Amino acid sequence: MPAFTASAPGKIILFGEHAVVYGRPAIAVPVVQVRARAVVSPEPRGEPGSVHIQAPAIALDARLSDLSPDHPIAAAVTAVFNRLGVSRPPACNLRITSTIPVAAGLGSGAAVSVAIIRALSAFLGQPLADEEVSKLAFEIEKLHHGTPSGIDNTVITYAMPVYFMRGQPIESLHVSQPFSLVIGDSGIASPTALAVGDVRRLWREHTRHYETLFDAVGEISRRARRAIEHGETEALGPLMNANHDLLREIGVSSAELDRLVVAALEAGALGAKLSGGGRGGNMIALAAADLAPGIARSLEAAGAVRTIISRVE
Ligand code: PMV
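Residues numbered from 1 in each chain as written. Predicted model: local features only at pLDDT ≥ 70, side-chain atom pairs only at ≥ 80, totals over all residues. Heavy atoms only, no water.

A. Structural detail: the packing of helix H5 (residues 192-205) against helix H6 (residues 207-229). Remark: H5 packs on H6, axes separated minimally by 5 Å, with the N-to-C direction vectors making an angle of 120 degrees. By the angle between their directions, the pair H5 and H6 is classed as oblique. For the pair H5 and H6, the contacting residues are Val199, Leu202, Trp203, Arg204 and Glu205 in the first and Thr207, Tyr210, Glu211 and Phe214 in the second. (Axes fitted to C-alpha atoms, helices over the stretch in contact; angles between N-to-C directions. Helix = DSSP H or I, 4+ residues; strand = E, 2+ residues; numbered from the N terminus. Parallel < 35°, antiparallel > 145°, perpendicular 65-115°, else oblique. Contact = heavy atoms within 4.5 Å.)

B. Structural detail: the packing of helix H8 (residues 255-266) against helix H9 (residues 292-301). For the pair H8 and H9, the least separation of the axes is 9 Å and the interaxial angle reads 145 degrees. The chirality of how H8 crosses H9 is right-handed. From H8, Leu260, Ala263 and Ala264 reach across to H9, where they touch Ile295, Ser298 and Leu299. Partitioned by chemical class, the residues of the contact of H8 with H9 number five nonpolar, one polar and no charged. (Left-handed = near helix turned anticlockwise from the far one by under 90°. Nonpolar A, V, L, I, M, F, W, Y, C, P; charged D, E, K, R; others polar.)

C. Region of interest: the site of the ligand. Neighbouring residues of the ligand: 16 residues in total, closest Lys11, His18, Ser149, Thr192 and Gly277. In the model, an oxygen atom of the ligand is placed 2.5 Å from a nitrogen or oxygen of the serine 149 side chain. Burial of the ligand by the surrounding chains reaches 97%, relative to a free accessible area of 380 Å². Elements represented by at least two residues in the shell around the ligand include exactly strand E1 (4-15), helix H4 (151-158) and H5. Residues of the shell around the ligand, tallied by class, amount to six nonpolar, seven polar and three charged. Both of domain 1 (4-164) and domain 2 (174-312) provide at least three residues apiece to the shell around the ligand. (Near = heavy atom within 4 Å. Polar contact = N/O pair within 3.5 Å; in protein donor to acceptor, adjacent residues only side chain to side chain. Areas by Shrake-Rupley, 256 points an atom, 1.4 Å probe, with all protein chains shown as cover. Domains from an automatic or database assignment.)

D. Region of interest: the domain arrangement of the protein chain. On domain assignment, one finds that the protein chain holds domain 1 (4-164) and domain 2 (174-312). Using C-alpha coordinates to define each centre, domain 1 is positioned 25 Å away from domain 2. Facing 29 residues of domain 1, the contacting portion of domain 2 comprises 46 residues. In total, about 2900 Å² of surface goes out of reach between domain 1 and domain 2, with carbon and sulfur atoms giving 66% of it. Taken together, the connections running from domain 1 to domain 2 amount to three salt bridges. Looking at the side of domain 1 that touches domain 2, the elements with two or more residues in it are E1, strand E2 (26-42) and helix H3 (130-145). The element contributing the most residues to the side of domain 1 that touches domain 2 is E2, with seven residues. Of the residues assigned to the side of domain 1 that touches domain 2, the class counts are 20 nonpolar, seven polar and two charged. (Buried area = accessible area lost by both parts, 1.4 Å probe. Salt bridge = Lys/Arg side-chain N within 4 Å of Asp/Glu carboxyl O.)

E. How the structure looks around the sheet that holds strand E9 (residues 271-275). In spatial order, the strands read E9-E10-E8-E11; together these four strands make up an open sheet with antiparallel pairing. Whereas interior strands pair on both sides, the edge strands pair on one side only; in this sheet they are E9 and strand E11 (306-312). Within this sheet the neighbouring strands show an average axis-to-axis angle of 25 degrees, counted without direction. Relative to strand E10 (residues 282-287), strand E8 (residues 179-185) runs antiparallel, the two being bridged by six bridges. (Pairing = 2+ DSSP bridges.)

F. Structural view of the packing of aromatic side chains. Applying the stated criterion across every chain, the model contains four aromatic pairs. Summarising the aromatic geometry, the rings of tyrosine 22 and phenylalanine 214 are spaced 4.5 Å apart at their centres and angled 20 degrees between planes, so their arrangement reads as stacked. Of the two residues, tyrosine 22 is situated in the loop between E1 and E2 and phenylalanine 214 in helix H6; the sequence distance between them amounts to 192 residues. A residue is classified by how much of its surface remains accessible, and tyrosine 22, at 13% relative accessible area, is buried. With centroids separated by 6.0 Å and ring planes inclined at 70 degrees, the aromatic side chains of tyrosine 210 and phenylalanine 214 adopt a geometry described as edge-to-face. Separated by four residues within a single helix, tyrosine 210 and phenylalanine 214 lie in helix H6, roughly one turn from each other. A relative accessible area of 5% places tyrosine 210 in the buried class. With relative accessibility at 0%, the residue phenylalanine 214 sits in the buried group. An aromatic cluster is built from Tyr22, Trp203, Tyr210 and Phe214, whose rings are joined through pairwise contacts. (Phe/Tyr/Trp six-rings, centres within 6.5 Å; stacked < 30°, edge-to-face > 60°. Buried < 20%, exposed > 50% of the residue type's maximum accessible area, 1.4 Å probe, protein only.)

G. Local environment of helix H1 (residues 72-84). Helix length check: H1 (13 residues) gives 18 Å between terminal C-alpha atoms against 18 Å at 1.5 Å per residue, within 8%. For H1, the complete set of buried residues consists of Ile73, Ala74, Ala75, Ala76, Val77, Ala79, Val80, Phe81 and Leu84. Check the buried side of H1 and you find it contacts strand E3 (51-55), strand E4 (60-63), strand E5 (92-98), helix H2 (108-123) and H3. Once H1 ends, the next one or two residues include glycine 85, with phi positive near 65 degrees. (Expected span 1.5 Å × (residues − 1).)

H. Local environment of the pattern of salt bridges. Counted under the stated rule, the structure contains 16 salt bridges. Notably, a salt bridge pairs glutamate 132 with arginine 83, separated by 2.7 Å at the nearest N-O pair. Placement of the pair is glutamate 132 in helix H3 and arginine 83 in helix H1, with a sequence separation of 49 residues. Taken together, the shared-partner salt bridges in this structure form one network comprising Arg24, Glu211 and Asp215.

The structure is reproduced here in structure tokens:
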């Protein structure tokens, strides 16, 4: 029995985070510069049913049976066994590696789940189709952040730009004119579940106000979609700035993220915003290709711990 390897990219949300949890559209794109990888190999001397899991980056070296069923990696493995009706899989090793920063809005959890689901289902001789992979990864996302919209597992499974609305079939997005993004990491780990939970509390207390904010974000996503499909890249900058202002009003920005956004704009970015859950994690800046390295340097000077230049195409 050979080893099976699968990998999945990171992702970034271009427009519509948080509002997407409340049914408004959002746009997300894969970030192929970073990836999660899973390798499943047979363990010929192992007991049937035993799964040895190694994820060096999080110092995990354990048997499946020793992990809590809620552990996201254990949950992904078990979800595949249940879905395929496998009760005693051949003994195997699962090794997970990833270059996607954790808790930074780049979708590391969903990418790890997708890679595991693909590699393990292939190892078991029943490779799952994308729709099934995304569905199972969504179940695992619920363990990571409570009430996920499903955007992370979708964009990461299909590895293409998506226009996403909760509960609706996915719509791919044709990028007529490729463009460059600079992603700046504030270095502040910020679990998405906390930000999403805070927004929910605020939405309950001030429902009308939050619905208005979410409507405005949804309208920005719709306009951004048209701009991307028509190759009107210059129109995206102001839409990003407007989306960032709304995210500040929603209450998910922070002094550090605001500082990085200003630094990007001062360095010539066409627009900038926080991306993902907010509070910490990443921001993104839209950059003319020749200015991207300079914007990345300015972000680092303003406190970004890491920058990634990504091309959306
Ligand atoms: O923090 P991230 O990049 O995983 O994105 C979360 C996006 C939210 O809209 C805040 C939550 C969600 O599930 O869509």
